[in-house]
Amino acid sequence: MSEPGALRTRLDRLAREVAKFGVVGGLGVLVNLGVFNVVRGATDIPMVRASLIATVVAIVFNYVGFRYFTYRDRDKSGRTKEMSLFLLFSVVGMVIENGVLYAATYGFGWDGPLASNFFKFFGIGIGTLFRFWSYRTWVFRALPAKEAVQTAESFLEQAPRQAARRQPDRV
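Everything in this summary refers to the structure shown in the same document. As the structure is a computational prediction, the values presented were derived from the model and not from experiment. (Residues numbered from 1 in each chain as written. Predicted model: local features only at pLDDT ≥ 70, side-chain atom pairs only at ≥ 80, totals over all residues. Heavy atoms only, no water.)

1. Regarding the overall build of the protein chain
- The number of helices and strands found in the protein chain is five helices and zero strands.
- Moving toward the C terminus, one meets the helices and strands of the protein chain in the order α-α-α-α-α.
- The 171 residues of the protein chain split such that 30% are buried.
- Counting only carbon and sulfur atoms, one obtains 67% of the accessible surface of the protein chain, whose full area is about 11,300 Å². (Helix = DSSP H or I, 4+ residues; strand = E, 2+ residues; numbered from the N terminus. Buried < 20%, exposed > 50% of the residue type's maximum accessible area, 1.4 Å probe, protein only. Areas by Shrake-Rupley, 256 points an atom, 1.4 Å probe, with all protein chains shown as cover.)

Here you go:
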């Protein structure tokens, strides 16, 4: 494949991945904000704790969406490792997301409904950038390219034959 053709293919794949990530992530944002506002409105739980509850619900929702929609073609071996890494990077994203809300609420006193939703949404955006990079790099790793696998298999098949030809006959 020509260099421009290969680049075009990679960019097309990345665009589809970003779109799928965006669909799942967008629905996850709606889940996150919805649960956040329901918990805030129906209970006396402090704002950041309500946000943490909402984020945990969204993390579970997002894992299912990413695994079975966005990254369904990715390597599925090592599911325990995948889930552990997903949880680790999700917690880091949760700290980023809720750190923004915490700073706005307790650092600047911006705790009204509009302000809390704005900073919750803003924190989700910053956390999402980190999550996208970490999930695609570490959690839902791409399977090796078909050509690379075929090349490696043919190399492995030929190696014993070449080694046998190099061995001098022993009498």
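Continuing now.
2. A few points about the pattern of salt bridges
- Overall, the coordinates contain seven salt bridges when judged by the stated rule.
- Put simply, R131 and E97 hold a salt bridge, and the shortest N to O gap is 3.2 Å. Of this pair, R131 sits in helix α4 (residues 113–139) while E97 sits in helix α3 (residues 79–107), placing them 34 residues apart in sequence. Both residues of the pair, R131 and E97, belong to the buried class.
- Taken together, the salt bridges that share partners define one network made up of E17, R74 and R136. (Salt bridge = Lys/Arg side-chain N within 4 Å of Asp/Glu carboxyl O.)

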